[in-house]
Every structure is written in C-alpha cells, then in structure tokens.
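This is what each chain is made of:
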Amino acid sequence: MARCRSYLRGLSICVTVLLLVSGVVMIGVGVSSIEGNTPVAQLFEQLSSSDGLMVLKVFGLVTVVLSVLGVCATSLHHKPLLLLFSALIFVEFVALMVVASPLVQVQAQMDGAVDEVFRNVTPLHRAEPYIQSELNKLQASDSCCGLRTFKDWENQLPVSCFCKPAVSTLQPSSQSGNSSSGGPCVLVGSDLYPPTSQVSERLWVHSEPCGPILKSHLSFPIKLRIGIISAFSTIAMAAVALCLALGLQEYWTPPPVETTVDDFDRVKYQPKPSLT
C-alpha cells in the first residue's frame, strides 16, 4: 500500500503541475492579441469577441494560484489542504463552464454573421479603398477571388484575381455559359468581363473564393480558447479525482491487519495498532 500511495502522490503532483502550466497558457493567450492578424480586419470589427480574452486572463490567474496550493498540498500530503484544493478547483471548473459557454454560441453564430458582412460589402468594386487593397493582397497571396465568388467584383475584376491555368485545361470547350471550370482556375465569359485592349477574351480567374479563408482566420482565436478551456477542464477533473483519492485514502484502503497464533495453533486476525 505504501508503494501505491507513493505512485498516487507522484501522479497527483504531475497533474497539478500540468494544471499550473495550463493556467500560465491561459494567461498568455489572454494577454496576446491573435485577432489583429486577421486579413481585412476592418470588415469584422463588430464581430470581435474580446470577452473570451478576459475570461482566460482571470481564470488563468486563479488557476495558477490554486495550482501552487495543490502542489504544496500533494507534496506535503496534507489532507485538509488536499480536500480544500479539490473543492476550490471544482468550483472554478463550474464557474468557468458557466462563464465560457457563450464562446460556443459565438462559434456557432460566426458563419451567419460573416455571411451577412459579405453581403453588405458587395459589390467589392464599390467598397472602401482600404478594404479593396487588403482584399487584393489576400487574393494574390492565397490564390482566391472575391468573398463568396469571383462575381462579387461584378465586371471589374482586379489583376489579383487573374489565374494562369494548367496546360491540360487550355482545350477548346463547346460549352456555353458565363464560365467554365479549369481546376483552380475558371474561364470567365465576355459578358462578365468585357474584353479590352489590355485583356483578351479568354480570361482565367481563381475559382476559389476568399470567404472561407477569412472565416478560418476569424474562427481560429475562438477555437483556440475553446480548446484551452477544454484541456483545462480535463486536467482539472483529473486533479480533483487524484487529490480526493489521496486525501481520502484512509477511508477506502483496508486497515492493516496482523495475525497471531495462540497456544492451540489458532490464528487470530486483529487490526494493526497505528503508530500515531
């Protein structure tokens, strides 16, 4: 039993240290600004979710303080401190679940809100010059065009939308219509982009829209916070279970028994007297 107790104690210390690390990570993510790296950030100013950052900073600080208490309690095997630490961590876990639950709703509502922003800003050639400039940079770097489709630019496609198709796709097509597919590029019809002296009739543009790329940039900070909170919840519940088991060990482990043999060779079992 002594070996089992030492294993349980070592495991409790390791999990409590992990809880301390998770608290430091929560503070670090709460202090850092990830949302500022979103392309065309001016479009999504009203969709900012800074409340999640405050939640991480406050609960991260509380986690660090309680984790120090837990490390001391498990190292000293102080039963009242172990039970107090378990109770406080459980209370923090419940409070974090209540406070952080809106993050899940924000994640679920993000796509609809972003689509509404996309509808309001199109057609793109009428958007503010700053938005057009940032979107052109994104289109050139990520090989995309428009927010939902290249038609968001109507008949004023920018140069950043132009695409050079593969040689295998440059075959005559008998299909009629506004556009025809060519892998990552799409052939735009003359009715969508009237040919000029600078542009030939066969104009290829990127077929992939930039909207999904922007959505992934926007949802990443929220997904990161949800992932950190989920990891904290798992570690916290493990720490509570281990510290409770360590603190209440005397109630669930059988007491030591010593055997004696009397003069008639009868074996007697009786509890071993405690040293305390």
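Residues numbered from 1 in each chain as written. Predicted model: local features only at pLDDT ≥ 70, side-chain atom pairs only at ≥ 80, totals over all residues. Heavy atoms only, no water.

Focus: the packing of helix 3 (residues 79-121) against helix 5 (residues 211-247)
Think of two packed helices as two axes; the pair is described by the angle between the axes and how far apart they sit.
Next, step 1: Viewed as axis vectors pointing N to C, helix 3 and helix 5 meet at an angle of 165 degrees, and their least axial separation amounts to 9 Å. Considered as vectors, helix 3 and helix 5 are oriented roughly antiparallel to each other. For the pair helix 3 and helix 5, the sense of crossing is left-handed.
Next, step 2: Tallied by class, the residues present in the contact of helix 3 with helix 5 amount to 28 nonpolar, six polar and seven charged. (Axes fitted to C-alpha atoms, helices over the stretch in contact; angles between N-to-C directions. Helix = DSSP H or I, 4+ residues; strand = E, 2+ residues; numbered from the N terminus. Parallel < 35°, antiparallel > 145°, perpendicular 65-115°, else oblique. Left-handed = near helix turned anticlockwise from the far one by under 90°. Nonpolar A, V, L, I, M, F, W, Y, C, P; charged D, E, K, R; others polar.)

Structural notes on the nonpolar core
Next, step 1: With 26 residues, the main nonpolar core has Leu19, Met26, Phe85, Ile89, Leu96, Ile229 and Phe232 as its most contacted residues.
Next, step 2: Counting only elements with at least two residues in this core, the list comes to helix 1 (2-31), helix 2 (51-76), helix 3 and helix 5.
Next, step 3: With 10 residues, helix 5 is the single largest residue contributor to this core.
Next, step 4: In contact with Phe232, other than residues within four places in its own chain, are Leu19, Ser22, Met26, Thr63, Glu92, Phe93 and Leu96.
Next, step 5: In this structure, Leu135, Cys144, Trp153 and Val205 belong to the second largest nonpolar core, which totals 24 residues. (Core = buried A, V, L, I, M, F, W, Y, C linked by side-chain atoms within 4.5 Å. Buried < 20%, exposed > 50% of the residue type's maximum accessible area, 1.4 Å probe, protein only. Contact = heavy atoms within 4.5 Å.)

Observations regarding helix 4 (residues 129-142)
Next, step 1: With 14 residues, helix 4 extends 20 Å between its outermost C-alpha atoms, agreeing within 8% with the 20 Å of an ideal straight helix rising 1.5 Å per residue.
Next, step 2: Taken residue by residue, helix 4 has Ile131, Glu134, Leu135, Leu138 and Gln139 as its buried positions. Seen along its axis, helix 4 keeps its buried residues to an arc of 140 degrees; they face one direction. In this structure, helix 4 carries Pro129, Lys137, Ala140 and Ser141 as exposed residues pointing more than 90 degrees from its buried face.
Next, step 3: At its buried positions, helix 4 is contacted by helix 3, strand 3 (203-206) and helix 5. (Expected span 1.5 Å × (residues − 1). Arc of directions from axis to C-beta.)

A look at the side chain of Ser12
Next, step 1: Among the secondary structure elements, Ser12 is positioned in helix 1.
Next, step 2: Polar side-chain contacts of Ser12 include one of 2.7 Å to the backbone oxygen of Leu8.
Next, step 3: Among residues more than four places away in sequence, those in contact with Ser12 are Thr74, Leu242, Cys243 and Leu246. (Polar contact = N/O pair within 3.5 Å; in protein donor to acceptor, adjacent residues only side chain to side chain.)

Points about the environment of Leu18
Next, step 1: Inspection of the secondary structure assignment puts Leu18 in helix 1.
Next, step 2: Given the relative accessible area of 47%, Leu18 is considered partly exposed.
Next, step 3: Sequence separation of Leu18 and Ser67 is 49 residues, and the distance between their C-alpha atoms is 8.8 Å.

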